[in-house]
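Single-letter residue listing:
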Amino acid sequence: MEQRALGSQGLIASAQGLGCMGMSQVYGEPDDAESIATIHRALELGVTLLDTAEVYGPYENEMLVGRAIADRRDQAVIATKFGISGVDPDTAELELDGRPETARRSCEGSIERLGLDHIDLYYLHRVDPKVPIEETIGAMGELVDEGKVRALGISEAAPETIRRAHATRPISAVQTEYSLWSRDPERNGVIETCRELGIAFVAYSPLGRGFLTGQVRSLDQLAEDDFRRVVPRFQGDNLEANIAIVERLDRMAEQKGVSAAQLALAWVHARGEDVFPIPGTKRRRCLEENAAAFDVELGRDIDELERAAGEVAGDRYQEPALASVDA
């Protein structure tokens, strides 16, 4: 896997990363042994950018990643996040906390759970509207000064927030959902702003929470506690409409001799060398399939692929969770 500059503050990471959240929550029963084996295989393949957060579990995912890299720290670029203090189990509303004292406390907790002496990339997971972004990023910058963090990031932030954050302390990465069926960052100016400022764009859920793999055709396929059961895009008429998109992608993938997942990931890679997709998986076979997408050439297929993707039905989160997205 190719290694590239991630932002302009000195980080070098793989062009495709590994999202680790699903190893510990929201996508069915965890399998720690297979998850650790998947992380080890990722590092063998040169997939060095590992993405986690304190709220995943909470805490369990950072500890899992820490165990996986304990004897191979020098091979990994570790990204973690703070700023979500909890999730309401009934409404999925996020409880946000971007206070300076929380940035410090969370960072020190993440370092301990991960078993590190520093974090490579530290994100504000969601923008807290109660705290000026300058205060939050300023506190994160102090962690850089102290050697606890190498570079800073921000997640799901609007262009003006990104500018204010970057003016306070250099931002290396902006992480936002982005895929063939989540293209808001193209339309709302986020990617344009990142490019203007020399900030890497990290695309989470580049496979549409697994939907673009073509493997999900019914909610009955999902575990009872699978978070996707409450996502509007997986509901009722929306699901039926979106299955038609996947069927078109499946046909294109078959013609090209690749999987639907590889086709969808290749599209994200084609957006530019400053775009880093971080597909999540807890299985080695899926990791290997995803990593191979880096070598898929789309050429003139891009326009046809975008037409085939059409317009997705339904929001990417339920309304209470959408309310936490900076806009």
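We now turn to the structure provided with this report.

The rules behind these values
- Residues numbered from 1 in each chain as written.
- Predicted model: local features only at pLDDT ≥ 70, side-chain atom pairs only at ≥ 80, totals over all residues.
- Heavy atoms only, no water.
- Salt bridge = Lys/Arg side-chain N within 4 Å of Asp/Glu carboxyl O.
- Helix = DSSP H or I, 4+ residues; strand = E, 2+ residues; numbered from the N terminus.
- Buried < 20%, exposed > 50% of the residue type's maximum accessible area, 1.4 Å probe, protein only.
- Phe/Tyr/Trp six-rings, centres within 6.5 Å; stacked < 30°, edge-to-face > 60°.
- Core = buried A, V, L, I, M, F, W, Y, C linked by side-chain atoms within 4.5 Å.
- Contact = heavy atoms within 4.5 Å.
- Pairing = 2+ DSSP bridges.
- Polar contact = N/O pair within 3.5 Å; in protein donor to acceptor, adjacent residues only side chain to side chain.
- Axes fitted to C-alpha atoms, helices over the stretch in contact; angles between N-to-C directions.
- Parallel < 35°, antiparallel > 145°, perpendicular 65-115°, else oblique.
- Nonpolar A, V, L, I, M, F, W, Y, C, P; charged D, E, K, R; others polar.

1. So, the pattern of salt bridges
- If you walk through the whole model with that rule in mind, you get 32 salt bridges.
- The salt bridge involving Arg 150 is made with Asp 120; its shortest N-O contact spans 3.4 Å. With Arg 150 in strand S9 (residues 149-155) and Asp 120 in strand S8 (residues 119-124), the pair connects residues that are 30 residues apart, well separated along the chain.
- For Arg 150, a relative accessible area of 40% puts it in the partly exposed group.
- Here Asp 120 falls in the buried class, since its relative accessible area comes to 2%.
- Salt-bridge contacts for Glu 146 lead to Lys 148; the nearest nitrogen and oxygen are separated by 3.5 Å.
- Overall, Glu 146 belongs to the partly exposed group, its relative accessible area being 41%.
- Counted as one network, the salt bridges with shared partners bring together Arg 104, Glu 108, Glu 142, Glu 146 and Lys 148.

2. Focus on the packing of aromatic side chains
- Going through the model one piece at a time under the given rule, you end up with six aromatic pairs.
- Ring geometry for Phe 82 against Tyr 122: centres 5.3 Å apart, planes inclined by 20°, an arrangement best described as stacked. Taken together, the residues span a long stretch of sequence, with Phe 82 in strand S5 (residues 77-82) and Tyr 122 in strand S8 at a distance of 40 residues.
- Judged by relative accessible area, Phe 82 falls into the buried class, the value being 0%.
- Between the aromatic rings of Trp 181 and Phe 234, the centroid separation amounts to 6.3 Å while the plane-to-plane angle is 85°, which identifies the pairing as edge-to-face.

3. Focus on the nonpolar core
- Counting 79 residues, the largest nonpolar core has Leu 6 and Ile 154 as its most contacted members.
- For this core, the element with the highest residue contribution is helix H9 (residues 260-269), accounting for eight residues.
- Sequence-distant contacts of Leu 6, defined by excluding residues within four places in its chain, comprise Leu 11, Ala 13, Leu 49, Leu 121, Ser 172, Ala 173, Ala 200 and Phe 276.
- Counting residues in hydrophobic clusters, the runner-up holds 18 residues, among them Leu 43, Ile 69, Leu 114 and Leu 116.

4. Structural notes on unusual backbone geometry
- Cis geometry is found at the peptide bond from Gly 57 to Pro 58, where omega equals -5°.
- With respect to the helices and strands, Pro 58 occurs in the loop between strand S4 (49-51) and helix H2 (60-69).
- Positive phi, close to 75°, is recorded for Tyr 59, a residue that is not glycine.
- Along the chain, Tyr 59 turns up in the loop between S4 and H2.
- One non-glycine residue, Glu 156, adopts positive backbone phi at about 55°.

5. Quick notes on the sheet that holds strand S10 (residues 171-177)
- A sheet is described by the order of its strands in space; here eight strands give the open sequence S3-S4-S5-S8-S9-S10-S11-S12, paired in parallel fashion. The open sheet has two edge strands with one neighbour each: strand S3 (18-19) and strand S12 (275-277).
- Two strands pair when backbone bridges link them, and S9 and S10 are joined in this way by four bridges, in the parallel orientation. Along S10, the bridge assignment pairs Ile 154 with Val 174.

6. Concerning H2
- For H2, a buried count of seven out of ten residues is recorded, marking the element as mostly surrounded by other parts of the structure.
- If you check which residues of H2 are buried, you get Asn 61, Glu 62, Leu 64, Val 65, Gly 66, Ala 68 and Ile 69.

7. A few points about the side chain of Gln 175
- Positionally, Gln 175 belongs in strand S10.
- Residue Gln 175 is classed as buried on the basis of its relative accessible area, which comes to 2%.

8. Side note on the environment of Leu 116
- Structurally, the position occupied by Leu 116 is in the loop between helix H3 (100-114) and S8.
- Accessibility expressed as a relative area gives 12% for Leu 116, which makes it buried.
- As a C-alpha pair, Leu 116 and Arg 73 span 43 residues in sequence and 8.2 Å in three-dimensional space.
- The contacts of Leu 116, once residues within four sequence positions are left out, are Ile 69, Arg 73, Ile 78 and Ile 111.

9. A few points about the environment of Leu 45
- Residue placement: Leu 45 occurs in the loop between helix H1 (32-44) and S4.
- Under the relative-accessibility criterion, Leu 45 is labelled partly exposed at 26%.
- Placed 128 residues apart in sequence, Leu 45 and Ala 173 show a C-alpha to C-alpha distance of 23 Å.

10. Section: the side chain of Asp 97
- Tracing the backbone shows Asp 97 in the loop between strand S7 (94-96) and H3.
- Exposure remark for Asp 97: the relative accessible area of 11% places this residue in the buried category.
- Within the structure, Asp 97 has its side chain in polar contact with the side chain of Arg 99 (distance 2.9 Å).
- At 2.9 Å, the side chain of Asp 97 and the side chain of Thr 102 are in polar contact.
- Look past the residues within four positions of Asp 97 in its chain and what remains in contact with it is Phe 82, Gly 83, Ser 85, Thr 102, Arg 105 and Asp 128.

11. Observations regarding the packing of helix H8 (residues 236-256) against helix H11 (residues 301-309)
- Contact geometry for H8 and H11: axes closest at 8 Å, N-to-C directions at 155°. In terms of orientation, H8 lies roughly antiparallel with respect to H11. Counted together, Ile 245, Arg 248, Leu 249, Met 252 and Lys 256 of H8 and Asp 301, Glu 304, Leu 305, Ala 308 and Ala 309 of H11 form the full contact between these two elements.
- Of the residues belonging to the contact of H8 with H11, the class tally is six nonpolar, no polar and four charged.

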